[in-house]
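Report on the structure
In case you want the letters, here they are:
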Amino acid sequence: MASHLLWRCRERMLPLGARPLVMGILNVTPDSFSDGGCYQTAELAVRHGLEMAASGADIIDVGGESTRPGAPPVSAAEEMDRVIPVIRALAKAFAGKAGPIVSVDTRKAMVAKEALEAGANIINDVSALEGDSTMVRVARDYGAGVILMHMRGDPATMQQDPRYGNVVAEVAAYLAGRGAAMKAAGLKADTLALDPGIGFGKTVEHNVKLIAGVQSLVSLGYPVVMGLSRKSFISKITGCDGAHRLAGSLAAAVWAAGQGAHVWRVHDVKESVEAARMVGLLREETTAWNG
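Given the structure is predicted, the values throughout are model-derived calculations rather than measurements.

Further remarks concern the overall build of the protein chain. When helices and strands are counted, the protein chain shows ten helices and ten strands. Computed over C-alpha atoms, the radius of gyration of the protein chain comes to 17 Å, within 12% of the 19 Å expected from 2.2 N^0.38 for 291 residues, which places it in the range of a compact globule. Counting over 291 residues, the protein chain shows a buried share of 54%. Residue pairs in contact within the protein chain that sit at least 24 positions apart in sequence constitute 71% of those at least 6 positions apart. When the accessible surface of the protein chain is totalled, it reaches about 12300 Å², and 54% of it is carbon and sulfur.

Below is the structure:
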């Protein structure tokens, strides 16, 4: 059963635990691993973001730089050109409502600052705020929600023979250390969330062990975000092709939620929202039965 927490994301407090929250992935890129090139214009991206909101997404995560294995870096200027118009339009559309909020998926402090100025509430940083020395100050100054993710190496190198002694223990120790460092740097504890980084410097076996051992992260006392959607390890386990990973994605997400994970980062929002609502109903019924 998930622990009940409040995640502070600027002026919004997100309640966690009744059901998994759904974070819709909106890649404004030509080369992301699953939907690269689908939403390259601001108009297409905003339309898709509004569709995800209408389907029940709690968070829309906007990214302008692919972090798939082997992906080349993108300049801050190009990344901002891609994401800021989209974030500004979505934040304006959601303003004053109890619906979704916007997250920016970036490793660059300059991009994060402009995104927060445009109305974003969350910084989702695959480098756990280590990739840019000024990112911590930006997060602190704006009171943003922050997702600290574990990644071995960087996108260009992370899948080159990743090795661990005990992947669950090592990832949990790293993220616990990053959480402690962020609090020491002045970030409020209730703004922080953790992501084990499924597929980021991990083999199939590492990914499976991390999902199975997600309680090690939950026990640290922070919200836990799981990015499982359409990852290649699913095909390697199930034998499905890359276009048919929804069933495996949902199965892994539901299992992780049963172990306490709080947020699902997904491409398939409608189906994920339906699954999350079912999980929430069953949790409520279980609580009433046990009570």
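Structure's up, so let's keep going.
Bringing the sheet that holds strand 7 (residues 145–149) into the picture now. Strand pairs in the sheet, formed through backbone hydrogen bonds, run parallel or antiparallel to each other. As summarised here, the arrangement of the eight strands in space is 8-7-6-5-4-3-10-9, forming an open sheet in which the pairing is parallel. Of all strands in the sheet, those bounded by a partner on one side alone are strand 8 (192–195) and strand 9 (225–226). Here three bridges tie strand 5 (residues 101–105) to strand 6 (residues 122–125), and the two strands are oriented parallel to one another. Note on strand 6: the bridge partner recorded for S103 is I122. Packing of helix 1 (residues 42–54) onto the sheet brings it into contact with strand 3 (21–27) and strand 4 (59–63), and relative to strand 3 it is tilted by some 165°.

It is worth spelling out the side chain of S229 at this point. Within the secondary structure, S229 sits in the loop between strand 9 and helix 8 (232–238). Residue S229 is classed as buried on the basis of its relative accessible area of 6%. At a separation of 2.7 Å, a polar atom in the side chain of S229 contacts the side chain of H267.

This part is about the pairing of strand 10 (residues 263–266). A two-sided burial pattern is seen for strand 10, the buried positions comprising V263 and R265 on one face and W264 and V266 on the other. For strand 3 and strand 10, the ladder comprises four bridges, and the chain directions are parallel. Within the sheet, the bridge partner assigned to L21 lies in strand 10 and is V263. Relative to strand 10, strand 9 runs parallel, the two being bridged by two bridges. Note that in strand 10 the partner of V225 across the bridge is V263.

Attention shifts here to the pairing of strand 6. Side chains of strand 6 alternate between two faces, with I122 and N124 and I123 and D125 buried alike. For the segment spanning strand 5, helix 3 (residues 109–117) and strand 6, crossover handedness is right-handed. As paired strands, strand 6 and strand 7 are joined by four bridges and run parallel to one another. Looking at strand 7, one finds that N124 is bridged to I147.

So, about the environment of P20. Tracing the backbone through its elements, the reader meets P20 in the loop between strand 2 (12–16) and strand 3. Once the C-alpha coordinates of P20 and F233 are considered, the two residues, 213 residues apart in sequence, prove to be 22 Å apart. Those residues in contact with P20 that sit more than four places away from it in its chain are D58, A257, H262, W264, A276, V279 and R283.

Turning our attention to the packing of helix 2 (residues 76–94) against helix 3. Packing of helix 2 against helix 3 leaves a shortest axis separation of 10 Å and a crossing angle of 20°. When the axis of helix 2 is compared with that of helix 3, the two are roughly parallel. Crossing of helix 2 over helix 3 shows right-handed handedness. Touching A76, E79, M80, V83, I84 and I87 of helix 2 are M110, V111, E114 and A115, all from helix 3.

Taken N-terminus to C-terminus, the directions of helix 3 and helix 4 (residues 135–142) make an angle of 15°; their axes are 9 Å apart at the nearest point. As the angle between them shows, helix 3 and helix 4 are arranged roughly parallel. Considering only the axes of helix 3 and helix 4, their crossing is left-handed. On helix 4, the residues that touch A109, A112, K113, L116 and E117 of helix 3 are M135, V138 and Y142. For the contact of helix 3 with helix 4, the residue count by class is six nonpolar, no polar and two charged.

How each quantity is defined
Residues numbered from 1 in each chain as written. Predicted model: local features only at pLDDT ≥ 70, side-chain atom pairs only at ≥ 80, totals over all residues. Heavy atoms only, no water. Helix = DSSP H or I, 4+ residues; strand = E, 2+ residues; numbered from the N terminus. Rg over C-alpha atoms; globule rule 2.2 N^0.38 Å. Buried < 20%, exposed > 50% of the residue type's maximum accessible area, 1.4 Å probe, protein only. Contact = heavy atoms within 4.5 Å. Areas by Shrake-Rupley, 256 points an atom, 1.4 Å probe, with all protein chains shown as cover. Pairing = 2+ DSSP bridges. Axes fitted to C-alpha atoms, helices over the stretch in contact; angles between N-to-C directions. Polar contact = N/O pair within 3.5 Å; in protein donor to acceptor, adjacent residues only side chain to side chain. Right-handed = clockwise from strand over helix to strand, strands pointing away. Parallel < 35°, antiparallel > 145°, perpendicular 65-115°, else oblique. Left-handed = near helix turned anticlockwise from the far one by under 90°. Nonpolar A, V, L, I, M, F, W, Y, C, P; charged D, E, K, R; others polar.

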